[in-house]
Amino acid sequence: MIVCVCNNISDREIRQAIDLGISTMDGLREALGVSTCCGNCLDYAVEVLNEHVAAPIQETVLKRPTLTT
């Protein structure tokens, strides 16, 4: 979903930026240009930021099958 219409920034791009280490709105503004034009996206961008930062990291642990004889 497009969050920032002025700069064509999606929620997925915001989440990817967070995964790469950005953890503040100022960081998102600098890296992506979110909320630098009209500002209408600020509330939703902050919501995406807060939800993604607060979400626990989901790790996938692969287990090898064991052979029994």
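Preceding this paragraph is the structure being described.
What counts and how
Counting of residues starts from 1 at the beginning of each chain's written sequence and follows it residue by residue. Local features in this predicted model are restricted to residues of pLDDT 70 or higher, and side-chain atom pairs are both shown and tallied only at a pLDDT of 80 or more, whereas totals for entire chains, interfaces and linings draw on every residue. The basis for every side-chain value is the complete set of non-hydrogen atoms in the structure, without hydrogens or water. Residues grouped as a nonpolar core are buried Ala, Val, Leu, Ile, Met, Phe, Trp, Tyr and Cys residues, joined through side-chain atoms within 4.5 Å. When a residue's accessible area, from a 1.4 Å probe over protein chains only, is under 20% of the maximum for its type it is buried; when over 50% it is exposed; and in between it is partly exposed. Put simply, DSSP H or I for four residues or longer makes a helix, DSSP E for two residues or longer makes a strand, and each gets a number counted from the N terminus. The contact rule is simple, with two residues in contact once any of their heavy atoms fall within 4.5 Å. For this quantity, the arc is that covered by the directions from the helix axis to the C-beta atoms. The salt bridge criterion pairs a side-chain nitrogen of Lys or Arg with a carboxyl oxygen of Asp or Glu, the two atoms within 4 Å.

Visitor: Quick question: what am I supposed to make of the nonpolar core here?
Guide: For soluble globular proteins, the rule of thumb is that nonpolar side chains tend to be buried together. Residues Ile14, Leu28, Val34 and Ala45 are the most contacted members of the largest nonpolar core, which totals 13 residues. Secondary-structure elements contributing two or more residues to this core are strand E1 (2-4), helix H1 (11-19), helix H2 (25-32) and helix H3 (42-54). In contact with Leu28, not counting residues within four places along its chain, are Ile14, Ala17, Ile22, Gly33, Val34 and Leu49.

Visitor: So what exactly am I meant to see when it comes to H1 here?
Guide: An α-helix turns once per 3.6 residues; consequently, residues spaced three or four apart project the same way. Where H1 is concerned, the buried positions are Asp11, Ile14, Ala17 and Ile18. Down the axis of H1, the sector holding all buried residues measures 120°, keeping them to one side. What points out from H1, more than 90 degrees from its buried face, is the exposed set Arg12 and Asp19. Those residues of H1 hidden inside the fold are in contact with E1, strand E2 (9-10), H2 and H3. Positive phi appears at Gly21, one or two residues downstream of H1, with a value of about 120°.

Visitor: Hey, could you run me through the pattern of salt bridges in this one?
Guide: It is possible for side chains of opposite charge to pair when their charged atoms get near one another. Counting across every chain of the model gives two salt bridges. Of the charged contacts, one joins Asp11 and Arg15 as a salt bridge, the two residues approaching to 2.7 Å between their closest N and O atoms. Separated by four residues within a single helix, Asp11 and Arg15 lie in helix H1, roughly one turn from each other. You can call Arg15 partly exposed: its relative accessible area is 29%. The salt bridge involving Arg29 is made with Asp26; its shortest N-O contact spans 3.1 Å. With Arg29 and Asp26 both in helix H2 and three residues apart, this pair spans about one turn of that helix. For Arg29, a relative accessible area of 28% translates into the label partly exposed. In this structure Asp26 comes out as exposed when scored by relative accessible area, which is 55%.

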